[in-house]
Number of protein chains: 2
Amino acid sequence: MPVATFFRFLNQLHPIKGSLENYLLGKISTVSFNKGKFLISPLDKEDHVFFLVRGAVRGFTKIGQKKITTWLTIENNLVGRIRQNDQHEMVEEYIEALEYCEVVKINSAFLKELYFQYFEINYIGRLLAQKLYMAAEERALIGRLPTAEAKYKRFLSVYPDLVNRVSLKYIAFFLGLSVETLSRIRSKITNDGNELIVR
Amino acid sequence: MPVATFFRFLNQLHPIKGSLENYLLGKISTVSFNKGKFLISPLDKEDHVFFLVRGAVRGFTKIGQKKITTWLTIENNLVGRIRQNDQHEMVEEYIEALEYCEVVKINSAFLKELYFQYFEINYIGRLLAQKLYMAAEERALIGRLPTAEAKYKRFLSVYPDLVNRVSLKYIAFFLGLSVETLSRIRSKITNDGNELIVR
């Protein structure tokens, strides 16, 4: 039950009282996306946040014709548009299903209202925003590591769940490496007996 | 008055009632740091969050002997340690004053208690964590732009306040470029008449 999984997730962060749970039940919905479909794209008329119950997604931004993969994630995480409006440049955000995905869908305008009404939603929202912040900082760090090998070794260490789940191509995009470079490093590390310390 | 600036900052996000303001006044302090000093380093016995009233800082992480600059910021921003504990690798966080800095200092353990007591602190904490998240995602994006020129042009567009404030060396570190490459791009862009669109 996707909705039950979602409430379990929330309750672990802060107990949700019955009246709020009932209110939320009337406002959220369960949706599925096939592989290759977009959970979020610039064509959306309304903005939503998704709790990923099942599946793997990647977030990418399009600057001009260039697609830049800035994050990858799997089930039990909240995903959504990061920028409200990009005032700086034409940056378009996409979230793409890399597998069949089941999500709980929450309207962002509704969520914004909730923040004015419920203490626990702010408490949970703060914890989740802090978690997302730490994850984004990790992405900023991994992209700045000095060598391709250091990047992939840190990837193996920080994202063990993604290694055998997401195709090599998207891992390469995420690390800012060519697929050839990543393939070469991957076989080298395997041959070296999986020695994972970043130097 | 640093403390007055801090309360103005908070009140813009959510009104702070008088009793909370008085409580906070007894718990926060004003500190200054000379250029080159660390607001945060692995030697700290206690963890703090700082509201930067005046000055510019850079955040860097040390992995082995390698320092990696992941962020730069100036006054009217909250700064602090991003990782609670790095379980993955020996990653050490530092925040360094790039100018003389005046800050309001808040103990992190005290802040954690506040979250259980005051609705408005969660409301403000959530907004700030979301803002920090967007900023970290921007740093993840800029580090993945395909060319040195695209990185510097986006830097000019997103961080206009930092361009003439932070020395070329730290901008180069932040963008993951060599100082020579950045110097070359900087003079090229100036000669081209400051044409700033990222292609």
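Residues numbered from 1 in each chain as written. Chains lettered and ligands numbered in written order. Predicted model: local features only at pLDDT ≥ 70, side-chain atom pairs only at ≥ 80, totals over all residues. Heavy atoms only, no water.

1. Overview of the interface of chain B and chain A
As a reminder, the rule being used: The contact criterion used is simple: two residues touch if any of their non-hydrogen atoms lie within 4.5 Å. By convention, the term buried area covers the 1.4 Å-probe accessible surface removed from two parts as they join, with the contributions of both added. Whenever Lys or Arg places a side-chain nitrogen within 4 Å of a carboxyl oxygen from Asp or Glu, that contact is recorded as a salt bridge. Pairs of N or O atoms within 3.5 Å make up the polar contacts considered here, provided that, within protein, one atom can donate a hydrogen while the other can accept it, and that residues adjacent in sequence are counted only when both atoms are side-chain atoms. Strands here are runs of E lasting at least two residues and helices are runs of H or I lasting at least four, both read from the DSSP assignment and numbered beginning at the N terminus. In this count, Pro and Cys sit with the nonpolar residues alongside Ala, Val, Leu, Ile, Met, Phe, Trp and Tyr, while Asp, Glu, Lys and Arg are called charged and the others, Gly among them, polar.
Contacts between the two partners involve 45 residues from chain B, matched on the other side by 45 residues from chain A. Roughly 4400 Å² is buried in total at the junction of chain B and chain A, and carbon and sulfur atoms are behind 62% of that figure. Applying the counting criterion to the chain B and chain A interface returns two salt bridges. Among the ionic pairs, arginine 139 of chain A bridges to glutamate 137 of chain B, the shortest N-O distance being 2.7 Å. If you look at where chain B meets chain A, you find ten residue pairs in polar contact (both at pLDDT 80 or more). Listing elements by their share of the side of chain B that touches chain A, those giving two or more residues are β4 (56-63), β5 (66-74), α3 (108-117), α4 (119-142) and α5 (148-158) of chain B. Among the elements that take part in the side of chain B that touches chain A, α4 of chain B stands out by supplying 17 residues, more than any other. For the side of chain B that touches chain A, the class distribution of residues is 25 nonpolar, ten polar and ten charged.

2. Side note on the sheet that holds strand β1 (residues 29-33) of chain A
Residues and elements named next belong to chain A. Condition: Whether two strands pair depends on DSSP finding at least two bridges between them. Convention adopted: a line fitted to C-alpha atoms gives each axis, helices being fitted over their contacting stretch, and angles between N-to-C directions are expressed from 0 to 180 degrees.
On the basis of which strands lie adjacent, the open sheet formed by four strands has the order β1-β8-β3-β6 and antiparallel pairing. Strand pairing shows two members of the sheet lacking a second neighbour, β1 and β6 (77-80), which therefore form its edges. When strand polarity is set aside, the average angle formed by the axes of neighbouring strands in this sheet is 35°. Pairing between strand β3 (residues 48-54) and strand β8 (residues 101-107): six bridges, direction antiparallel. Looking at the pairing, phenylalanine 51 lines up with valine 104 of β8.

3. Quick word on the domain arrangement of chain A
Residue and element names in this part refer to chain A. Selection rule: Domain boundaries shown here were taken from an automatic or database domain assignment.
Once the domains are mapped, chain A shows domain 1 (2-141) and domain 2 (143-191). The centre of domain 1, based on its C-alpha atoms, is set 25 Å off from the matching centre of domain 2. With 18 residues of domain 1 in contact, the opposing surface of domain 2 contributes 15 residues. Both faces considered, domain 1 and domain 2 share a buried interface measuring about 1400 Å² in area, 57% of it formed by carbon and sulfur atoms. Counting every contact that joins domain 1 to domain 2 gives three salt bridges. Of the charged contacts in the structure, one is a salt bridge between glutamate 138 and arginine 154, with a shortest N-O distance of 2.7 Å. The interface formed by domain 1 and domain 2 holds eight residue pairs in polar contact (both at pLDDT 80 or more) in total. Elements represented by at least two residues in the side of domain 1 that touches domain 2 include exactly β4 (56-63), β5 (66-74) and α4 (119-142). Counting residues per element, the side of domain 1 that touches domain 2 draws most heavily on β5, at six residues.

4. What to know about the packing of helix α7 (residues 168-175) of chain A against helix α8 (residues 179-191) of chain A
All names here are of chain A. Short version of the rule: When describing relative orientation, an angle under 35 degrees is termed roughly parallel and one over 145 degrees roughly antiparallel, while 65 to 115 degrees is termed roughly perpendicular and anything else oblique.
Two numbers describe how α7 lies on α8: the axes approach to 9 Å, and their chain directions differ by 105°. Classified by the angle their axes make, α7 and α8 are roughly perpendicular. On α8, the residues touching Leu168, Lys169, Ile171, Ala172 and Leu175 of α7 are Val179, Leu182, Ser183 and Arg186. Grouping the constituent residues of the contact of α7 with α8 by class yields six nonpolar, one polar and two charged.

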